[in-house]
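# Architecture and fold: a report
Residue-level listing of the chains:
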Amino acid sequence: MKLNDKVVVITGASSGIGKSLAHEFAKRGANLVLGARQYVTLCEIAQSIEQQYGVQVIAVQCDVSVEEQCAQLINQARLTFKKIDVLVNNAGISMRALFKDADVAVLKQLMDVNFWGTVYSTKYALPEILKTKGSIVGVSSIAGYKGLPGRSGYSASKFAMNGFLDALRVENLHTGVHVLTACPGFTASNIRNTALDKSGKQQGESTLEEDKMMSADEVAKIIVDGVENRSRTLIMTGQGKLTVALSKFIPGILDGLVYKTFAKEKNSLFK
């Protein structure tokens, strides 16, 4: 798929990977529909991208956990551009708390955003993408392949997202619709700063070494390349590929390795 003059809808586009995806798609000539809760920031990003790349960009305030707002996002894209070629389900939140300590409402909130946000947006966009034989992308995580301690709700939402996208891919094997599951490893972004603690408040700072992670720009380039190449699955970073492989062949040993890794993080939950 060549992206020039294609219409791309991106959720969670006001920061991190979503913002980088907006720039990368625009750089390749795509027109954009950007959705996020932070409307003022989103409008500033849209204006900047239009000036920088000469493409058309619209901003739509959207909380993906609210079905009606997802419908509005997709409807605005259809009304403005008369078509949709690519939907990128990028909006997401994380958490950091042991399950025994966490309020169940925290896990529900993660499912509402990460899983149901993907389902809602895809449900309304699919009729348009069937017409264009376009792409549906889910920005998932290695946590969708291996449960991570202190991130039970996040892992659950990403496992659910992966299963949903896998089923959708098989359903559309002969329709021409492309389904891509993109799984970055840890990425330097604000997702850990805004991760919810056991009571649902943002933790405010990252507990991991951000400077050693992939940048959001690097992740965005890999994902957009994957859309152009109509890739099936993208497992990013050597650590991510190793984790997926070990989870298949020596899952018990991987359990111990993952525990040791997270026991060493700043303010470890295991201390």
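Up top is the structure.
What comes next concerns the included structure. Predicted model, so just to flag it, every value in this text is computed and none were measured.

A few words on helix α6 (residues 216-229). A rise of 1.5 Å per residue sets the reference length of α6, with its 14 residues, at 20 Å; its end C-alpha atoms lie 20 Å apart and thus fit the reference within 8%. Residues of α6 that are buried include every one of Ala 216, Val 219, Ala 220, Ile 223, Val 224, Gly 226 and Val 227, and no others. The buried residues of α6 all sit within an arc of 150° when viewed along its axis, so they share a single face. For α6, exposure combined with an orientation more than 90 degrees from the buried face picks out Asp 217 and Asn 229. Backbone geometry just after α6 places Arg 230 at a positive phi near 50°.

One turn of the α-helix equals 3.6 residues, which is why residues spaced by three or four share an orientation. An ideal rise of 1.5 Å per residue puts 16 Å on 12 residues; helix α7 (residues 238-249) measures up with 17 Å between its terminal C-alpha atoms. Taken together, the buried positions of α7 are Gly 240, Thr 243, Val 244 and Leu 246. Projected down its long axis, α7 carries its buried residues within an arc of 165°, all on one side. Facing away from the buried surface of α7 by more than 90 degrees, the exposed residues are Gly 238, Lys 241, Lys 248 and Phe 249. On the buried face of α7, the contacting elements are β9 (233-235) and α8 (251-263).

Quick look at the nonpolar core now. Among the nonpolar cores identified, the biggest contains 41 residues, and Val 9, Val 33, Met 95, Leu 110, Ile 129 and Ile 136 are the most heavily contacted of them. If you list the elements that add at least two residues to this core, you get β1 (7-11), β3 (57-61), α3 (67-81), α4 (104-132), α5 (152-171) and α8. Per-element tally for this core: the top contributor is α4, with eight residues. The contact partners of Ile 129, leaving out residues within four places of it in the chain, are Ile 84, Asp 85, Val 86, Leu 87, Gly 134, Ser 135, Ile 136 and Val 177. Val 8, Val 57, Ala 216 and Val 224 belong to the second largest nonpolar core, which has 35 residues in total.

Moving on to the sheet that holds strand β6 (residues 178-183). Taking strand neighbours across the sheet as the criterion, the seven strands line up as β3-β2-β1-β4-β5-β6-β9 in an open arrangement whose pairing is parallel. Each of the sheet's edge strands pairs with one partner strand only, and the pair in question is β3 and β9. This sheet shows a mean twist of 15° between the axes of neighbouring strands, independent of strand direction. Direction of pairing for strand β4 (residues 86-89) relative to strand β5 (residues 135-139): parallel, over a ladder of four bridges. Its bridge partner being in β5, Val 88 is matched across the sheet by Val 137. The strands that α3 touches are β1, β2 (31-36), β3 and β4; relative to β2, the one it contacts most, it runs at about 160°. Most of the contacts of α4 go to β4, to which it runs at about 175°, and overall it touches β1, β4 and β5.

Okay, the packing of aromatic side chains next. Going through the model one piece at a time under the given rule, you end up with four aromatic pairs. Arranged with centres 6.4 Å apart and planes meeting at 90°, the rings of Phe 115 and Phe 164 form a pair that is edge-to-face. You can see Phe 115 sitting in helix α4 and its partner Phe 164 sitting in helix α5, a full 49 residues away along the chain. Taken together, the aromatic side chains of Phe 115, Trp 116, Tyr 120 and Phe 164 make up a single cluster linked through ring pairs.

A large share of β5 lies buried, amounting to five of its five residues. Side chains of β5 alternate between two faces, with Ser 135, Val 137 and Val 139 and Ile 136 and Gly 138 buried alike. Taking the sense of rotation as the criterion, the β-α-β connection linking β4, α4 and β5 turns out right-handed. Of the strand pairs in this sheet, β5 and β6 are connected by five bridges, and their pairing is parallel. Of the residues in β6, the one forming a bridge with Val 139 is Ala 182. Handedness of the β5-α5-β6 crossover: right-handed.

What counts, and at which threshold
- Residues numbered from 1 in each chain as written.
- Predicted model: local features only at pLDDT ≥ 70, side-chain atom pairs only at ≥ 80, totals over all residues.
- Heavy atoms only, no water.
- Helix = DSSP H or I, 4+ residues; strand = E, 2+ residues; numbered from the N terminus.
- Expected span 1.5 Å × (residues − 1).
- Buried < 20%, exposed > 50% of the residue type's maximum accessible area, 1.4 Å probe, protein only.
- Arc of directions from axis to C-beta.
- Contact = heavy atoms within 4.5 Å.
- Core = buried A, V, L, I, M, F, W, Y, C linked by side-chain atoms within 4.5 Å.
- Pairing = 2+ DSSP bridges.
- Axes fitted to C-alpha atoms, helices over the stretch in contact; angles between N-to-C directions.
- Phe/Tyr/Trp six-rings, centres within 6.5 Å; stacked < 30°, edge-to-face > 60°.
- Right-handed = clockwise from strand over helix to strand, strands pointing away.

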